[in-house]
Amino acid sequence: MEPGIRVEPACSKWDIRQKVWDHIENNNLADFPRPVHHRIPNFKGASQACEKLSSLKEYQAAKIVKINPDTPQKSARFLTLEAHKTLLVPTPRLRTGLFNKITPPSGANKEVLRICSTSQGVRDYSVPMGLDAKVQVDLVVVGSVAVSVEGWRIGKGEGFADMEYAMMVSMGAVTEHTVVVTVVHDCQVVDIPEELLEDHDLTVDFILTPTRIIKTDCKRAKPQGIIWSMITREMMAKIPILRNLQDRERKAGRDVSLKDENASEKGTRQSPFGVTEKEVRPCGSVLSEHKHPADLQLHTKLETCNLYDGVTVYIGNIPSSTRVSELKSMLRERGAAPLRLTWQGAQHRAFLDYKDVVQAKQAVSSLEGISINGISLLVELARTQRHKTNGNQGFGKKIVRETKSSNVLQPHILT
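The protein chain has the name Methenyltetrahydrofolate synthase domain-containing protein in an unreviewed UniProt entry, where Xenopus tropicalis is given as its organism.

K.L.:
Please set out the overall build of the protein chain residue by residue, giving values where relevant.
P.N.:
Looking only at helices and strands, the protein chain features 14 helices and 20 strands. Intrachain contacts of the protein chain at a sequence separation of at least 6 include 63% that bridge at least 24 residues. As presented, the protein chain carries roughly 19800 Å² of accessible surface, and 49% of it is formed by carbon and sulfur atoms.

K.L.:
If you had to explain the sheet that holds strand β1 (residues 64–67) to someone new, which residues and values would you point to?
P.N.:
If you walk across this open sheet you meet the 8 strands as β4-β3-β2-β1-β5-β8-β9-β10, and the pairing is mixed. What marks the edges here is a single partner per strand, and that holds for β4 (126–129) and β10 (213–215). Taken pair by pair, the neighbouring strands of this sheet meet at an average axis angle of 25°, ignoring direction. Bridge count between strand β9 (residues 206–208) and β10: 3 bridges; the pairing is antiparallel. Considered in β10, the bridge of Phe206 is made with Lys215.

K.L.:
Residues and numbers for the side chain of Asp356, please.
P.N.:
Among the structural elements, Asp356 can be located in the loop between β15 (349–354) and α14 (357–366). Of note is the side chain of Asp356, whose polar atom sits 3.0 Å from the backbone nitrogen of Gln359.

K.L.:
Account for the side chain of His38, with residues named and values stated.
P.N.:
Of note, His38 is situated in the loop between α1 (13–26) and α2 (46–51). Residues in contact with His38, not counting those within four places in the same chain, are Trp14, Trp21, Lys156, Glu326, Met330 and Ile372.

K.L.:
Go over the environment of Ala337 with me, naming the residues and quoting the values.
P.N.:
Note that Ala337 resides in the loop between α13 (324–333) and β14 (340–344). For the pair Ala337 and Asp353, spaced 16 residues apart in the sequence, the C-alpha separation amounts to 9.2 Å.

K.L.:
I'd like a rundown of the pattern of salt bridges, residues and numbers included.
P.N.:
Here the structure, examined in full by the defined rule, presents 13 salt bridges. Here Glu164 makes a salt bridge to Lys66, at a shortest N to O gap of 3.2 Å. Note that Glu164 is positioned in helix α7 (residues 160–170) and Lys66 in strand β1, a separation of 98 residues in sequence. Lys66 carries the same exposure label as Glu164, and that label is buried.

K.L.:
Tell me about α13, and name the residues and values.
P.N.:
Those residues of α13 that sit buried are Glu326, Leu327, Ser329, Met330 and Leu331. Packed against the buried residues of α13 are α1, β13 (311–316), β14, β15 and β16 (371–372). Within two residues after α13, Gly335 carries a phi angle of roughly 70°, on the positive side.

K.L.:
Tell me what's going on with the packing of α7 against helix α9 (residues 241–251), and back it up with residues and numbers.
P.N.:
Two elements in contact, α7 and α9, have axes separated by 11 Å at closest approach and are oriented at 35°. Once α7 is placed against α9, the crossing between them reads as left-handed. Of the residues in α9, those in contact with Met163, Met167 and Ser170 of α7 are Ile241, Leu242, Leu245 and Glu249. Split by residue class, the contact of α7 with α9 holds 5 nonpolar, 1 polar and 1 charged.

K.L.:
Summarise the layout of surface pockets; cite the residues concerned and give the values.
P.N.:
It is a probe the size of a water molecule, rolled over the atoms, that shows where empty space is left. In this structure, the second largest pocket occupies an estimated 270 Å³ of space. Residue lining of the second largest pocket: 16 residues in total, with Tyr165, Thr175, Glu176, His177 and Lys222 positioned closest to the centre. Looking at the lining of the second largest pocket residue by residue, the classes come out as 7 nonpolar, 4 polar and 5 charged.

K.L.:
Would you mind going over α1 in detail, with residue names and values included?
P.N.:
With 14 residues, α1 ought to run about 20 Å at 1.5 Å a step, and its terminal C-alpha atoms sit 20 Å apart, in line with that. With 10 of 14 residues buried, α1 is to be regarded as a mostly interior element. Of all the positions in α1, only Lys13, Trp14, Ile16, Arg17, Gln18, Val20, Trp21, His23, Ile24 and Glu25 are classed as buried.

K.L.:
So what's going on with the packing of aromatic side chains? Residues and values would help.
P.N.:
A complete count under the given rule lists 2 aromatic pairs for this structure. Summarising the aromatic geometry, the rings of Trp14 and Trp21 are spaced 5.6 Å apart at their centres and angled 75° between planes, so their arrangement reads as edge-to-face. Of the residues examined, Trp14 reaches a relative accessible area of 2% and is grouped as buried. Between Tyr314 and Phe351, the ring centres sit 5.6 Å apart and the planes meet at 50°, which makes this aromatic pair tilted. Here the residue Tyr314 occupies a position in strand β13, and Phe351 occupies one in strand β15, the gap between them amounting to 37 residues. Neither residue differs from the other here; Tyr314 and Phe351 are each classed as buried. Over the face of the ring belonging to Tyr59 we find Lys85, whose NZ or CZ atom lies 4.9 Å from the ring centre. If you follow Arg114 out to its NZ or CZ, it ends over the ring of Phe78, 4.0 Å from the centre.

K.L.:
Go over the nonpolar core, please, and point to the residues and values.
P.N.:
Counting 43 residues, the largest nonpolar core has Ile16 and Ile315 as the members making the most contacts within it. Counting residues per element, this core draws most heavily on α1, at 5 residues. Taken domain by domain, the makeup of this core includes at least three residues from each of domain 1 (13–215) and domain 3 (311–381). Residues contacting Ile315, with those up to four places away along its chain left out, are Leu327, Leu331, His348, Arg349, Ala350, Leu352, Leu367, Leu377, Leu378 and Val379. Counting 38 residues, the second largest nonpolar core, distinct from the first, contains Leu98, Ala161, Met171 and Trp228.

Conventions adopted
Residues numbered from 1 in each chain as written. Predicted model: local features only at pLDDT ≥ 70, side-chain atom pairs only at ≥ 80, totals over all residues. Heavy atoms only, no water. Helix = DSSP H or I, 4+ residues; strand = E, 2+ residues; numbered from the N terminus. Contact = heavy atoms within 4.5 Å. Areas by Shrake-Rupley, 256 points an atom, 1.4 Å probe, with all protein chains shown as cover. Pairing = 2+ DSSP bridges. Axes fitted to C-alpha atoms, helices over the stretch in contact; angles between N-to-C directions. Polar contact = N/O pair within 3.5 Å; in protein donor to acceptor, adjacent residues only side chain to side chain. Salt bridge = Lys/Arg side-chain N within 4 Å of Asp/Glu carboxyl O. Buried < 20%, exposed > 50% of the residue type's maximum accessible area, 1.4 Å probe, protein only. Left-handed = near helix turned anticlockwise from the far one by under 90°. Nonpolar A, V, L, I, M, F, W, Y, C, P; charged D, E, K, R; others polar. 1 Å grid on protein atoms, 1.4 Å probe; cavity = no way out; pocket = protein on both sides within 12 Å on 5 of 7 lines; lining within 4 Å. Points joined across faces, edges and corners; volume = space filled by probe spheres on them. Expected span 1.5 Å × (residues − 1). Phe/Tyr/Trp six-rings, centres within 6.5 Å; stacked < 30°, edge-to-face > 60°. Lys NZ or Arg CZ within 6 Å of the ring centre and 35° of its normal. Core = buried A, V, L, I, M, F, W, Y, C linked by side-chain atoms within 4.5 Å. Domains from an automatic or database assignment.

Listed below in structure tokens is the structure:
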């Protein structure tokens, strides 16, 4: 572990990610693309770390290798093709399938192999592989934001590496003996509290850095397949291959009830981001459950703002380089996913709509101290006034939002 990164015992996964991203940027350890925040960070020395793959006897014996598509693992993909091994690369964000098999043209030289190891190579020199493909992956290479010497891994927060591995388990492409390797900078090897790990988290057997090969001897079990109770309908819509897997496992007699379905049985439902929300009740009944003075103060504030038809949270001071997907990831990680997000990146702000007072309060609390690239964001309740627009029939309603800190109206049109 590099002395520059200290992880507090009570920290969250998001805290660790932020510390690592900040450290890599602040110490100029990053390579293109930058900034590294909200990415699997590319770092100086990534090629040297990847080259250590060749010295692993597990890699030498592997015939089929799956490697993630991120930039710091580009050299690992090239080495795998150069060694005439079968290279599988996950389909970006799993939109059209699980993974693609890279098939270089006959007689390809090193320059062509280098192209094959890039995103262009995935587009031009790959063949998609379906769930019925009889493939046995011998070794998996994943990216990480942080990893511990015990083999505990933290990704960028979207869960795709965990999902990919769970899918491979479901289709029989990996076993408990499949070796998992991650390639990181030395500073990304940090202490990770074990209590942060969940059943779906992928662990690693080897850590490769520019200076070290760390064998973790990790005893914690890897994912045993898709945990359907954690999958939402939105995820099913975004990742069509999940539907095929669900059908297969349903026919095999397994319980494939989704998170939304489990929630509905308990009188709750899911927001589009997969965060459980209480059934809608009259605001008075919700507020009457909370007797703490802070809740009463919030009650009075919201009553003044006339927000009982839905509560909006304002986020300001968003850096111009931030993408809406990055903000969504942060909201999911902190358990503050809204019913709807209105993005105004050019104005450095966003609006989060929640169903009731309780959720708005929880969101503001969860987002306390949030920052992007070291810039603190302003998070507070917004005042929402709705009225019909005149002579603007192309737009349904005009939402005028006002924050108490600025005392100016901030209009936004919702299509």
